[in-house]
Every structure is written in C-alpha cells, then in structure tokens.
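Inside the fold
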Amino acid sequence: MKLSDYVIQFVANLGVKHVFLVPGGGAMHLNASLAQCASIEPICNSHEQASAMAAENYAKAVNGLGVAMVTTGPGGTNAVTGLAGAWLDSTPVLFLSGQVKRPDRMFAPDGAPLGMRQLGVQEIDIVSIVKPLTKYAVTVLDPQSIRFHLEKAVYLAQTGRPGPVWIDIPLDVQAAPIDASDLPAFEAPHPCAAPQPDTQAAGAPDLAAQVRETIDALNRAERPLILIGNGVRLAHAEDQFRKLFDLLRIPVEATWCAADIISSEDPLFVGRPGSLASRGANFALQNCDFLLSVGARLDFAITGYAPEKFARAAHKVMVDIDPAEILKLAPFIDTPICADAGNFLREMLCQMSYQTPRQPMRLIPRQSSAVQPKDRAFWNQRCTDWKTRYPVVTEDHRKPEGPVSIYHLAEVIGQETTPEDLMISGSSGAGIEIFLFACPTRTGQRIYHTAGLGSMGNGLPGSIGVCIAGGRRRTVCVDGDGGFQFNIQELETVARLNLPIKFFVLNNDGYASMRASQTNFFGSPQLGCDSRTGISVPDLCKVAAAYGLRTARIESQANLRKQVRKVLETPGPVVCDVMVIPDEVRGPRLSSMQRPDGSMVSKPLEDLWPFLERDEFHANMIVETLPE
Ligand SMILES: Cc1ncc(C[n+]2csc(CCOP(=O)(O)OP(=O)(O)O)c2C)c(N)n1
Ligand SMILES: [Mg+2]
C-alpha cells in the first residue's frame, strides 16, 4: 500500500468526512490519495489560511477533529494563523503537510542541520515553526513509523487540553510502499498509569475531596455564582452542566465561547461578564461570595486585567484541565481543581441526588458534604433585577431611523434565527465585539468565533467550516468590512459549493476599532483607519456580484427586522452590506480614569464605563467598594 493512501484511510477511519486543502506539488501523493477516497469530501479553498480556519471551525462545530492539508513551503506557512487560533482555543485539528523529499532536506540523515536556509525547492522547516503552537509536530522520516505518528498525534490532539497537531511528510515518504498490517502502533498511556494533566500531582487532594470542599464552600455561601467556559463543551459535558444547574438553580454566567451552552432567556442566566459586558453580569460576579468557574481559563478579558480585584469577596473554585492556567491565578483561587470539566461535573453530580422530584433543592448526602437546601431567593432576585434593569440592548439602539445599530442588528439576528441555525463572526473589530456581546442565544444554537487569537479573516472561511460541519445548514456570518477583506477570495468557494451562508458585513468605512483607539490615545494624525487615512474597502455588493452571489444592502434601521428576515429567507449564499453607525459607542466596558495628578487607574469590573451616578453605583454594591 502506498503510504499516502494509508494516511488518508487513517483519517477516513476516524470518521472525518471533510478535509480542507489547497493542493501543491509537495503534497501531490497525499492530494492524489484524497482524490480517490470515497468517504471524505475534499473542500478546496483558495488560500491555506482559509483551509486552516475552516478546519478549525469545523472541529469546533463537530466538537471533534478537523483536518487541513497543505503543501510544502508557503502552503505550511500560510496555515500558521489558523493553527495559532486552534492552539489558543484548544481545538483539535490535524494538519498534514507535504515536504521536500528526504535527500533534498537541509538536514543530515542524523537530523543535524546542514546550515543553509534552503536546499529543496520551496523547502521550509515547518515543524520548527509550528512546534510552539502544537501538541505534537513531526516530520515523518521513516515510512514504517507513519501509523505511530498518526495515532500519537490524534490521541494528543483530543486528550487532556485539546489542541492542534502537525504531521509533515516528505514527498518520497508519501510515495513509499508500506505493509499496513506490519506497522508499529502508538500505545496510548493507560488512563490510570499515565501522568494525566487532569489529575493532580502526587500528594495533591483527590477530585472527590476537592468536590466535597467545593460543596462545603457552596453550603456556606449566601450569594453563589457559576461561571462556565468552553472547557465544558470540550469535555462533552454540556448535559452534566445542565443537570447540575437544574439541581442547584443558582445564577450562572458564561464566557463568550460558552455563551451558547445556556439560553440567554433562562431567568438565572445573568450574562457574559468581562471587560465588555452587561452591568448585571459584572455586578453579580463582583458581589458574589462563592464563584465556581468550570472550564474557563479566566483570561484578562474576564478578570478585567486585575485578578486581585476579580470576584474579590468570593470563595473562588477554579476547575481547569491545564495546570498552567490555574497557576497563573494561584494567589487568588481558594480551591484550585486541576481536572477535566466533565470529570468534575460528574463527581459533583455523584455527590448529590434528588430526594424527591418535587423538592429539587433537598439533596441527599452521599457523603457528609451534600448540598444543603438554602433559601437564596434574595440573591437570585437581585441577579434577575440586574439583568432586567441593565439590558445590553436598549430602546436607544432600536430607534427606527438612521444607520444600523449593531446592538439592534445583533438582537434582531438572534431573534430571527432558529435554534438550528449556525452563527459565526469575524473575531476582532469594534463591530464584531458588539455583535458577539449583544447577540442572544437560544438553547441548541451555536455561535462561533476565534476567541484567543482574534484574527481578522476568520469569518468567511470559518463560516464555510461550520456550514459544512452542520450538514450545509443555514449559517449566519457577521463580519467587519475590514476583516471580510482578509479572506474575500473564499467567496468563490462559497459560490462554487452554493453554501447557504448569509453574510452580514458591518460597513463602517474600514477599521472602526483602529479609529477608536487612535482617537483615544493619540488624536491625530490617524493612520490606516478609513478611506481618509489610508485604508479603504471596495463596494461589497459589486465584489460579491463578481463572484456570482446574490447581494443585499441594508441602509437604515427602518424595518430592520423585515430586511434581515428577507436576507435570511433568500436561498443560497447572500452577501448583505449593512451600513452601520460608523463609530457606535461600545459599552458598557472596562475603562481607566485619569487621576488629578495625570496617572491612570484601571476601574474594577463592577464599575463599567459609561460610569453610573455614584449613588446608583453604590446602591448596586453589596461588597464594600474600592477607594476611587
Ligand atoms: C490579522 C489581523 N491583523 C490586524 C489586526 C488588528 N486589528 C484589530 S481590529 C482591526 C480592524 C477591524 O476592522 P473591521 O473588521 O472592519 O471591524 P471594525 O473595527 O470596523 O468594526 C485591526 C486592523 C487583527 N486583529 N488581525
Ligand atoms: Mg469596519
């Protein structure tokens, strides 16, 4: 059997149905084998960055493995941005790259570099480039080792904290004949014997004991709060979370990545906290006296760049599979639990059980530390009040004239889509932040973005990935007019495959976020913000029409719902240019204040800009406020 056939068969046997690629001479055997594979549909993109981003979002959508295939040299380097996104968002993606044949490599047979920059045509040492962004990266030099490397890579991609892996295969290795029945296998470490990232170091308390500690702290709490992150989904533990939530019925918040695990309409869902957040979400976070964070890495966007002030009155339990994520917050976490979110939630549920279905809060002890029934109606009510008193989308956003408010657009798209629809956004830019922050989600509905990297250009190829993963279901992609340009060539892929993706592109004459930051920090002159300062965007409807796509333009808020509905109901792909308020106020958000002596002070998470009148602010605080 030819090795490249074995590789593709291996991928097919994993159940992978689609591979995203740009073909190339350096990967020609892999390409040819893929072309012959009946059970995988190859999706050819027009740029490897797009293949990588499509594969990453595909993996997110199937909550499994995505696969991208690229050629040697620029094929690999072009894919690095998508790879980085997968690395940061813990997405399991298998990258397969072609490489120059072994005798042409700029390495001696023993692996020592020969010292030149390149020997083979289009040669690049891609493995060294991608090493820091992968869980496993290897150039396969011995054809007999192919099974081992593939099995190891796929195991690592999906075990512990998931992430991308990279297998680089020289041309002559791709073509090598192998006996598939006689290849050494990778022995996955036995779950009990292996050093597990999701269990503790020797001497550390076991998970059952840590869950008892968690329950004890919860029992003492008057104002408990749960925060869920993407780790809950990566652990395939959405159902366990819902069970726990139904049992406890205490207020819940979610990170942006996990916002679609719970319906925005659930009365006990307070919101998405952080540096661009609803006031209610941050008031609840900063006033709680017990915080259970599950599967959220608690990055600066959530802790407000000041972990010492984050939920400062709370007993904080942090459950994360990655010890480094916990370690970074070590002084501020009361109960650090290095565990898989699913294992933790299962252990929580195991230590709890219903007494009778009609008395869900009376939980029988399995151990001495069972959850005690406690009347916290006051706190639950307070959280609900915050949510209703400080809605993200206000009447002002909905006023029926003028250019479109992104808040209103997000609300309308959220309401007009069905739970079956897939939603994806670009991932940076002022408009996108507002969209992701303001768009409500329903149970079952998914909303994707590339959270950690925030790369422009994710929206278009990402929408291809999720649409295909979702069985070519209706997909809504909201992107900035700047970000949309970054992979605009993928409109051809969308057109060719006739994918039912409805693109809403936020037209604000270029880079509104750059305009905002340059105005805030430097005034003028400005550079690369819009058509007056060196960056411009073309007429999107003309561009889309050139790709043979249907187009629409929404000029104003008048009848916004009707206009959005029309786009959603148009069959096939549609590109809709939305004339949005060019510099819409982005808030409430974390801000700093200048002291009289000129120094800057960061405000705590509870005190978001635009600042509330001090009386109103103090009335919202249960925890003592910080000196201003
Ligand atoms: C690949 C990449 N390059 C540069 C940036 C820096 N950057 C962040 S937002 C932004 C402008 C985004 O413009 P647009 O997509 O139109 O969104 P807007 O801010 O206008 O809403 C830039 C250049 C980035 N995030 N990603
Ligand atoms: Mg823009």
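Up top is the structure.
Structural notes, computed from the coordinates. (Residues numbered from 1 in each chain as written. Chains lettered and ligands numbered in written order. Predicted model: local features only at pLDDT ≥ 70, side-chain atom pairs only at ≥ 80, totals over all residues.)

Right, let's get into the overall build of the protein. Per the secondary structure count, the protein includes 25 helices and 20 strands. Relative to the 2.2 N^0.38 estimate, which gives 25 Å for 628 residues, the radius of gyration of the protein is 26 Å and therefore close to what a compact globule would have. For the protein, the spread of C-alpha atoms along the three principal axes comes to 75 × 65 × 55 Å. The burial tally for the protein puts 51% of its 628 residues in the buried class. Summarising the internal contacts of the protein: among those between residues at least 6 apart in sequence, 74% fall at separations of at least 24. (Helix = DSSP H or I, 4+ residues; strand = E, 2+ residues; numbered from the N terminus. Rg over C-alpha atoms; globule rule 2.2 N^0.38 Å. Buried ≥ 20, exposed ≤ 12 C-beta atoms within 10 Å, placed from the backbone. Contact = placed C-beta atoms within 7 Å.)

What follows covers the nonpolar core. Counting residues in hydrophobic clusters, the biggest one holds 176 residues, and the most contacted among them are Val 67, Ala 68, Met 69, Leu 94, Ile 228, Val 294 and Phe 344. Sort the elements by how many residues they give to this core and helix H3 (residues 48-62) lands first, with eight residues. Other than its neighbours up to four places away in sequence, Met 69 contacts Val 19, Leu 21, Ala 27, Leu 30, Leu 34 and Leu 96. (Core = buried A, V, L, I, M, F, W, Y, C linked by C-beta atoms within 7 Å.)

A few words on the sheet that holds strand E16 (residues 501-507). Hydrogen bonds between backbone groups are what pair the strands of a sheet, and the pairing can be parallel or antiparallel. Strand order in this open sheet of six strands is E14-E13-E15-E16-E18-E17, and the pairing throughout is parallel. Edge strands, defined here as strands with exactly one partner in the open sheet, are strand E14 (446-448) and strand E17 (550-554). Shown here is a sheet whose adjacent strand axes are inclined to one another by a mean of 20°, direction ignored. Strand direction decides the pairing type here: E17 and strand E18 (residues 574-579), joined by five bridges, are parallel. Counted as the bridge partner of Ala 552 is Cys 576 from E18. Along the sheet face, H3 touches strand E13 (422-425) and E14 and points at about 155° away from the line of E14. Across the sheet, helix H24 (residues 560-569) lies against E16, E17 and E18, angled at about 170° from E17, the strand it touches most. (Pairing = 2+ DSSP bridges. Axes fitted to C-alpha atoms, helices over the stretch in contact; angles between N-to-C directions.)

A few words on the site of ligand 1. If you check the shell around ligand 1, you find 20 residues, and the closest are Gly 429, Gly 431, Gly 480, Gly 482 and Gly 483. Those elements giving two or more residues to the shell around ligand 1 turn out to be helix H18 (430-438), helix H20 (481-485) and helix H22 (512-521). (Near = placed C-beta within 6 Å.)

In this structure, Thr 81 sits in helix H5 (residues 80-88). Considering only alpha carbons, one finds Thr 81 and Gln 372, 291 residues apart in sequence, at a separation of 48 Å. In this view, Thr 81 contacts Gln 49, Ala 52 and Ser 455; residues no more than four positions away in its chain are not counted.

A few words now on the environment of Leu 422. Mapped onto the elements of the fold, Leu 422 is located in strand E13. Overall, the presence of 24 C-beta atoms within 10 Å leaves Leu 422 in the buried class. When the C-alpha atoms of Leu 422 and Gly 470 are compared, they prove to be 7.7 Å apart, with 48 residues separating the residues in sequence. Sequence-distant contacts of Leu 422, that is, excluding residues within four places in its chain, are made with Ala 61, Arg 446, Val 466, Cys 467, Gly 470, Arg 473 and Thr 475.

Time to look at unusual backbone geometry. Cis peptide bonds are those with omega within 30 degrees of zero, and the linkage from Ser 524 to Pro 525 qualifies with 0°. If you trace the backbone, Pro 525 turns up in the loop between H22 and helix H23 (540-546). Omega for the peptide link from Gly 587 to Pro 588 comes to 0°, which places this bond in the cis form. Among the structural elements, Pro 588 can be located in the loop between E18 and strand E19 (592-594). Its identity is not glycine, yet Gln 122 carries a phi of approximately 60°, on the positive side. One can find Gln 122 in the loop between strand E4 (93-99) and helix H6 (126-130).

Of all eleven residues in helix H17 (residues 406-416), nine are buried, a share of seventy percent or more. All buried positions along H17 are accounted for by Ile 406, Tyr 407, His 408, Leu 409, Ala 410, Glu 411, Val 412, Ile 413 and Gly 414.

Quick look at the pairing of strand E10 (residues 290-294) now. Within a regular strand, the side chains alternate between the two sheet faces. Among the five residues that make up E10, five are buried, leaving the element largely enclosed by the rest of the structure. Burial along E10 is two-sided: Phe 290, Leu 292 and Val 294 and Leu 291 and Ser 293, pointing in opposite directions, are all buried. Pairing of strand E7 (residues 224-228) with E10, which is carried by five bridges, proceeds in the parallel orientation. Within E10, the position partnered with Leu 225 by the bridge is Leu 291. As defined by bridge partners, E10 adjoins strand E11 (residues 315-320) across five bridges and the pair is classed as parallel. Its bridge partner being in E11, Ser 293 is matched across the sheet by Met 318.

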